[in-house]
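Structural overview
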Amino acid sequence: MELQKKYGYMRVSTKEQNEDRQRLALLEAGVPKGQIFMDKQSGKDFNRSQYQRLLRRLDEHSVLFVKSIDRLGRNYSDLNEQWRIITKEKGADIVVIDMPLLDTRREKNLLGTFISDIVLALFSYVAENERTNIKQRQAEGIAAAKAKGVQFGRPPLPLPDNFHKMHQDWRSGEISMEEAAQACGMRPKTFYSKAVQCEKDGIVIQCGK
């Protein structure tokens, strides 16, 4: 019987995330260092260069290791489709290290396959549902904070000391908008938007002081 070739797959969502825990888990599972593939991008779909490269390597003599199911993918339907491709079309095995039930090497019969597929569907559905709930809670929290007047993003820079005087001179026609903007150290577009906002906020008189 030919020994199975071990492959590992890792994924992090951003370049700043650390992949050491995933790499260590794969190495401890016996995956050769040169057989580990990694993508640094979102798990929303499977259009990832290293994953596609790995997929081309898999066959009936291969076993793919991932630390957790969300490292493979995050979309419920896409994840189930890729699981089918790997295990049915490619004939390879999959081992999810953090979920011992998701090990297709066990019980190589109809019942074992059925149990593995059911567990995968359950875990991937729960994971996606939780991410949806988190996004909804975040959106609701942001909306509630905005309703209370909480400002997000960088605080606006203070206006130059001479802004109000330049604004008055510009509106009175004594200088052009470009001259006013230059005197304030702003781009004309920025100066104009600040001036319009000042007037919109109902502080035209103050702006003219």
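The following paragraphs examine the structure supplied in this document. Bear in mind the structure is a predicted one, so any value in this text is a computation, not a measurement.

With respect to the helices, strands and loops of the structure, A195 is situated in helix α8 (residues 188–200). Remark: the alpha-carbon pair of A195 and R171, spanning 24 residues in sequence, is separated by 9.6 Å. Contact partners of A195, with chain neighbours within four places excluded, come to F163, H167 and W170.

What follows covers the packing of helix α6 (residues 163–171) against α8. Between α6 and α8, the least distance of the axes is 11 Å, while the angle of their chain directions is 90 degrees. It follows from the interaxial angle that α6 and α8 lie roughly perpendicular. The segment α6 lies against α8, with F163, M166, H167, W170 and R171 engaging F191, Y192, K194, A195 and E199.

Moving on to the environment of A181. Mapped onto the elements of the fold, A181 is located in helix α7 (residues 177–183). Distance in space between the C-alpha atoms of A181 and W170 is 9.4 Å, their sequence separation being eleven residues. Sequence-distant contacts of A181, that is, excluding residues within four places in its chain, are made with M186, R187, P188 and F191.

Criteria and cut-off values
In this numbering scheme, every chain counts its residues from 1 along its sequence in written order. Only residues with pLDDT of at least 70 get local features here, since the model is predicted, and only at 80 or more are side-chain atom pairs given and counted; chain-wide, interface and lining totals rely on the full set of residues. Excluding hydrogens and water, the side-chain values take into account all heavy atoms of the structure. Secondary structure elements follow DSSP: runs of H or I no shorter than four residues count as helices, runs of E no shorter than two count as strands, and numbering proceeds from the N terminus. By the convention used here, residues are in contact when the closest approach between their heavy atoms is within 4.5 Å. Interaxial angles span 0 to 180 degrees and are taken between N-to-C directions of axes, which are lines fitted to C-alpha atoms, for helices over the stretch in contact. Any angle between 65 and 115 degrees counts as roughly perpendicular, while under 35 counts as roughly parallel, over 145 as roughly antiparallel, and the rest as oblique.

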